[in-house]
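Inside the fold
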Amino acid sequence: MTGKDTEGAAAARRERMVRLQIANRGITDERVLDAMRSVPRESFVAPGYEDFAHEDRALPIAEGQTISQPYVVALTADAARLRATDRVLEVGTGCGYAAAVFGRLAREVHTIERLPGLVDVARRNLAAAGVGNVIVHEGDGSLGLPEQAPFDAILVAAGGPRVPQAYKDQLAPGGRIVMPVGGGYDAQRLLRLTLSDDGRFTTDDLGPVRFVPLVGREAWPTGGPSAG
Ligand code: SAH
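Source: prediction; values computed, not measured. Residues take numbers from 1 onward in each chain, read along the sequence in its written order. Per-residue local features of the predicted model are confined to residues with pLDDT of at least 70, and side-chain atom pairs are confined, for both listing and counting, to 80 or more; whole-chain, interface and lining totals are unaffected and use all residues. Side-chain measures here rest on the full set of heavy atoms in the structure, leaving out hydrogens and waters.

This brings us to the overall build of the chain. Numbered from the N terminus, helices here are DSSP runs of H or I no shorter than four residues, and strands are runs of E no shorter than two. Helix and strand counts for the chain come out as six helices and nine strands. A compact globule built from 228 residues would reach a C-alpha radius of gyration of about 17 Å, and the chain, at 16 Å, matches this within 12%. Projecting the C-alpha coordinates of the chain onto the three principal axes gives extents of approximately 50 × 35 × 30 Å. Contacts in the chain between residues at least 24 apart in sequence constitute 54% of all its contacts with a sequence separation of at least 6. Note that accessible areas follow from Shrake-Rupley with a 1.4 Å probe, and for residues the cover is restricted to the protein chains shown. For the chain, the computed accessible surface area is about 10200 Å², with 50% contributed by carbon and sulfur atoms. The chain carries 26 positive and 29 negative side-chain charges, and their two centres are separated by 2 Å. The size measure is the radius of gyration over C-alpha atoms, and the globule rule it meets is 2.2 Å times the number of residues to the 0.38 power. In this analysis, two residues are considered to be in contact whenever any of their non-hydrogen atoms come within 4.5 Å of each other. The positive count covers Lys and Arg only, the negative count covers Asp and Glu only, and His and the chain ends enter neither. For this purpose, a charge sits on NZ of Lys, CZ of Arg, CG of Asp or CD of Glu.

Laid out in structure tokens, this is it:
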């Protein structure tokens, strides 16, 4: 069915995905729902997985990584309260799907990926999907992206032991960090830190999540939480 799938059929699957997996779980912001409706998720999954693209789960991509579950992308976007004028940093590009969704909601998205093979995949996927306001960088995103700071939102797609100080330093007043934090793969909580105009952070716990590990200088060593 995949190759012959019409755009109408793909749009109908996305509509169903948004209704059953996202709106039904309490995300009501129409901007977020529209962004999830408009990005062609089937263009971002690994070859051969197109028929599973709209299922309610993460899927494997290259290099042992994953494309996030649709709900988790919507939850992150919703939690970050992205505005059309925002400049965003995403850490953990993977296949580029979430960056494309954030790009629908914000002015400009810088996204950073540590694995060169995925940087190439993401750039190709984003170009094929016609996304023009997402810039893919290669490097250790646990250090943020100082040369493009400050950001209105920093959204992290991999779980680390703590929120790196670099993210706090690279946030604009009123900015939000949304990041999975926890002691191990099975014990992550999605946290939102909001920087007030007087320089203080408030933290909200948005619940349990399960992301691949953030590996880097300010995160886990290579191999993840159990490696050292
Ligand atoms: N945003 C993706 C999810 C990718 S999974 C989506 O749209 O589905 C998380 C990604 O984070 C993986 O590709 C992994 O290689 C990457 N990653 C892990 N640690 C990183 C680091 N320190 N800097 C940049 N990317 C990192």
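Let us keep going from here.
Moving on to the site of the ligand. A molecule or strand has a residue near it when one of that residue's heavy atoms lies within 4 Å. Surveying the vicinity of the ligand reveals 25 residues, the closest of which are Ser68, Ala98, Glu113, Gly141 and Val215. In protein, a polar contact means a hydrogen-donor-capable atom and an acceptor-capable atom, both N or O and within 3.5 Å, with residues adjacent in sequence counting only if both atoms are side-chain atoms; elsewhere, any N or O pair within 3.5 Å suffices. In the model, an oxygen atom of the ligand is placed 2.8 Å from a nitrogen or oxygen of the serine 68 main chain. Glutamate 90 has a polar side-chain atom sitting 2.8 Å from a nitrogen atom of the ligand. Protein coverage of the free-state accessible area of the ligand, which is 580 Å², stands at 99%. Each cavity reported here is a set of points on a 1 Å grid over the protein atoms alone in which a 1.4 Å probe fits but cannot get out, each pocket an open set with protein on both sides within 12 Å along at least five of seven lines, and each lining residue one with an atom within 4 Å of a point. To be counted as sitting in a cavity or pocket, a molecule needs more than half of its atoms within 2 Å of that site's grid points. Here the ligand is seated within the largest pocket. Mapped by element, the contributors of at least two residues to the shell around the ligand are strand E2 (66-67), helix H4 (97-105) and strand E4 (108-113). Grouping the constituent residues of the shell around the ligand by class yields 12 nonpolar, nine polar and four charged. Classification convention: Asp, Glu, Lys, Arg as charged; Ala, Val, Leu, Ile, Met, Phe, Trp, Tyr, Cys, Pro as nonpolar; all other residues, Gly among them, as polar.

We now examine the nonpolar core. Met36 and Tyr97 are the most contacted members of the largest nonpolar core, which totals 49 residues. Broken down by secondary-structure element, the contributors of at least two residues to this core are helix H1 (7-22), helix H2 (30-38), helix H3 (70-80), H4, helix H5 (116-128), strand E5 (134-138) and strand E6 (151-156). In terms of residue count, H3 provides more of this core than any other element does, eight residues in total. Once residues lying within four places of it in the same chain are set aside, the contact partners of tyrosine 97 are Met17, Met36, Val39, Arg41, Phe44, Ile67 and Val73. In terms of nonpolar packing, the next biggest core, distinct from the first, is built from 20 residues, Leu89, Val156, Ile177 and Leu214 among them. Grouping buried Ala, Val, Leu, Ile, Met, Phe, Trp, Tyr and Cys residues that are joined through side-chain atoms within 4.5 Å yields what is termed a nonpolar core. Burial classes: relative accessible area under 20% of the type maximum marks a residue as buried, over 50% as exposed, and values in between as partly exposed (1.4 Å probe, protein chains only).

Right, let's get into H4. Buried residues dominate H4, accounting for eight of its nine residues. Those residues of H4 that sit buried are Tyr97, Ala98, Ala99, Ala100, Val101, Phe102, Gly103 and Leu105.

A word on the packing of H3 against H4. In the contact formed by H3 and H4, the axes pass within 10 Å of each other and the chain directions differ by 35 degrees. H4 is crossed by H3, and the crossing has right-handed handedness. Residues Val73, Thr76 and Ala77 of H3 touch H4, and the partners they reach there are Tyr97, Ala98, Val101, Phe102 and Leu105. Among the residues forming the contact of H3 with H4, the class breakdown is seven nonpolar, one polar and no charged. Lines are fitted to the C-alpha atoms to define the axes, a helix being fitted only along its stretch in contact, and any angle between axes, read from their N-to-C directions, falls within 0 to 180 degrees. A crossing counts as left-handed when the near helix is turned anticlockwise from the far one by less than a right angle, and as right-handed when that turn is clockwise.

Tracing the sequence through the fold places glycine 130 in the loop between H5 and E5. Accessibility expressed as a relative area gives 60% for glycine 130, which makes it exposed. Taking C-alpha positions, glycine 130 is 17 Å from valine 119, a pair spaced 11 residues apart along the chain.

Our next topic: the side chain of glutamate 42. Topologically, glutamate 42 is positioned in the loop between H2 and strand E1 (59-60). Assessed through its relative accessible area of 19%, glutamate 42 is described here as buried. Those residues in contact with glutamate 42 that lie beyond four places of it in its chain are Ala10, Arg14, Glu50, Ala53 and His54.

The omega torsion of the bond from alanine 149 to proline 150 falls at 5 degrees, within 30 degrees of zero and hence cis. Positionally, proline 150 belongs in the loop between E5 and E6. Phi at glutamate 63 takes a positive value of approximately 65 degrees, unusual for a residue other than glycine. Of note, glutamate 63 is situated in the loop between E1 and E2. Unlike most non-glycine residues, arginine 81 shows phi in positive territory, near 45 degrees.

We now examine the environment of isoleucine 61. Inspection of the secondary structure puts isoleucine 61 in the loop between E1 and E2. The sequence separation of isoleucine 61 and valine 39 amounts to 22 residues, and the corresponding C-alpha distance is 18 Å. Setting aside residues no more than four positions away along its own chain, isoleucine 61 makes contact with Ala46, Thr66, Ile67, Gly94, Cys95 and Leu118.

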